[in-house]
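# Survey of secondary and tertiary structure
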Amino acid sequence: MLSRPLILLAAAGLLAATGQTLAAQTASPGGLVHWQGDGITRCLVDDRSFAPTDLDGQSGCLVPLGLTRTDDIVAERDRDGQRERLRIGLGEYPYAVQRLHIKDRSRVDLSPGNLARVQRENALIDKLWARQGEPRFSLPLGPPLEDMPAGGRFGAKRIINDEPRSPHTGADYAVPRGTPVLAAGRAVVALAGEFFFSGNSVFLDHGNGLISMYFHLHELFVEEGEEISRGRLIGTVGSTGRSTGPHLHFGIRWQGARVDPSLFLGAPAAIRTAR
Ligand SMILES: [Zn+2]
């Protein structure tokens, strides 16, 4: 039987033999690191493999740190025939606490029937994260509202009716009911329909592992399978599902990870870079 130090040595040897390990970085949960470089053919994170992404004219691997991540991440890439590695340390959880009061208790403490419905819906939604394919988008994405108000509260630790709940995984923008909601990029409509928590919802597949989400809509103007262009009217703002008033909840999954959607909307300065 191998002793523990021997296993560690073997692992270190493997690392030296197959590639170069670059200086460590840190990033917050829900953040992104753009690992820049030319000649990248493939990016690898966890069990995902994806194409590099251009940001400000620079190519690189866009490495997500999921909001609920609890450990460091080791990203890899193939570049000029070499495998490179980057370790990213998990930084502090930087988001505030938000207290909410939901009057409709049936949407907080679920009946067995509603719980079964949520589980069915989650199974349908969870299938979306594995979608890949050629990138149809470029960064930054287009705004989902013509005039984006200040907003967000991405990552907020939520206390709903005095009980701690899951953190907020998107950004909320309070605008009047009926405000047009626009596709953030060219996409295929992966899912569109009515869901227990998110109400009338649209999930857009932009390729290469990028999914954008638009929740609590009043009207829906697209159907599953439809190919749509950037800026296309996909619905209007509402307050359907579990919601405290009219607003757009905008969310992004990148390589299956929950990340701050504002990072995709033209705040590239907030994206950490590594070389
Ligand atoms: Zn929200």
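Treat the numbers as computed from the prediction; the structure is a model and nothing was measured.

Conventions we followed
- Residues numbered from 1 in each chain as written.
- Predicted model: local features only at pLDDT ≥ 70, side-chain atom pairs only at ≥ 80, totals over all residues.
- Heavy atoms only, no water.
- Core = buried A, V, L, I, M, F, W, Y, C linked by side-chain atoms within 4.5 Å.
- Buried < 20%, exposed > 50% of the residue type's maximum accessible area, 1.4 Å probe, protein only.
- Helix = DSSP H or I, 4+ residues; strand = E, 2+ residues; numbered from the N terminus.
- Domains from an automatic or database assignment.
- Contact = heavy atoms within 4.5 Å.
- Pairing = 2+ DSSP bridges.

Of all hydrophobic cores here, the largest spans 48 residues; its most connected members are V63, L204, Y214, I234, W254 and F264. If one sorts the elements of this core by residue count, strand β19 (residues 248–254) sits on top with four residues. Each of domain 1 (4–93) and domain 2 (97–273) gives at least three residues to this core. F264 has contacts with L32, L62, L139, P140, L141, L210, I252, W254 and V259, leaving out every residue within four places of it along the chain. Counting ten residues, the second-largest nonpolar core is a separate cluster that includes I125, L191, F203 and I211.

The buried fraction of strand β18 (residues 233–237) amounts to four of the five residues, a majority that puts the element mostly inside the structure. As judged from the three bridges shared by strand β13 (residues 180–182) and β18, these two strands associate in the antiparallel manner. Bridging from a neighbouring strand, V181 pairs with G235 of β18. In this structure, strand β16 (residues 210–220) lies alongside β18, joined through two bridges in antiparallel fashion. Residue pairing in the sheet places L217 in a bridge with V237 of β18.

On to the pairing of strand β2 (residues 32–36), then. Within β2, five of the five residues are buried, which leaves the element mostly enclosed by the surrounding structure. Residues L32, H34 and Q36 of β2 are buried on one face, and the alternating residues V33 and W35, pointing to the opposite face, are buried as well. Here β2 runs beside strand β6 (residues 58–64); their pairing, made up of five bridges, is antiparallel. Bridge assignment links H34 to a residue of β6, and that residue is L62. Note that β2 and strand β21 (residues 272–274) share three bridges and pair parallel. Its bridge partner lying in β21, V33 is registered against R272.

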